[in-house]
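Spelled out from the first residue to the last, the chains are:
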Amino acid sequence: MSVKELQKSDMMAHLLSALDDGKDIGHYGRLVFAMVARHFLNESELISYLRKDKDFSEEDARSMYLQVQGKDYNPPQRERILEWQAHQDFPICPNPDDPDSCNVYKDLQFPSEIYEQISEYHEQKSES
């Protein structure tokens, strides 16, 4: 698991580059980053990247990591990312007009538990 794996997603490469440049990627950009990156980076690496955001302290980064990890959030679908992007200035999805862009499930390989959780959710939803 590594930054190199994350860069297989154009969106994650875009977020990594923005963070490396010290840009403010916005609340939802940081949230999306944490929700996806936690499956590829260890805690200290993820927090270190979040801290590169000029408007995000170590305490904020640690708190976000613990929230995302504690609630076991699945990576968001493209539609949710675009929804969240509309609420901030920084473009999370660099190519929103491309229907294949920002689909982390297409670009990245997550642990099998993620796919199992999604399947269980859809089964429960169809039963109700």
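Preceding this section is the structure that the text describes.
The model shown is predicted, which means the values in this text are computed figures rather than measured ones.

Draft legend 1. Geometry of the packing of aromatic side chains. Following the criterion strictly, the structure yields four aromatic pairs and no others. On the basis of an interplanar angle of 20 degrees and a centroid distance of 5.4 Å, the ring pair of Tyr28 and Trp84 is categorised as stacked. Taken together, the residues span a long stretch of sequence, with Tyr28 in helix α3 (residues 26-37) and Trp84 in helix α6 (residues 78-85) at a distance of 56 residues. On the accessibility criterion, Tyr28 (25% relative accessible area) is partly exposed. Judged by centre distance (6.0 Å) and plane angle (45 degrees), the ring pair of Phe33 and Tyr49 falls under tilted.

Draft legend 2. Representation of α3 within the structure. Taking 1.5 Å per residue, twelve residues should reach 16 Å; α3 reaches 16 Å between its end C-alpha atoms and fits that length. By the criterion of burial, α3 is predominantly enclosed, with ten of the twelve residues buried.

Draft legend 3. Structural detail: the side chain of Arg30. The residue Arg30 is located in helix α3 in this model. Those residues in contact with Arg30, other than ones at most four positions away along the chain, are Asp24, Ile25, Leu50, Asp53, Phe56 and Met64.

Parameters at a glance
Residues numbered from 1 in each chain as written. Predicted model: local features only at pLDDT ≥ 70, side-chain atom pairs only at ≥ 80, totals over all residues. Heavy atoms only, no water. Phe/Tyr/Trp six-rings, centres within 6.5 Å; stacked < 30°, edge-to-face > 60°. Helix = DSSP H or I, 4+ residues; strand = E, 2+ residues; numbered from the N terminus. Buried < 20%, exposed > 50% of the residue type's maximum accessible area, 1.4 Å probe, protein only. Expected span 1.5 Å × (residues − 1). Contact = heavy atoms within 4.5 Å.

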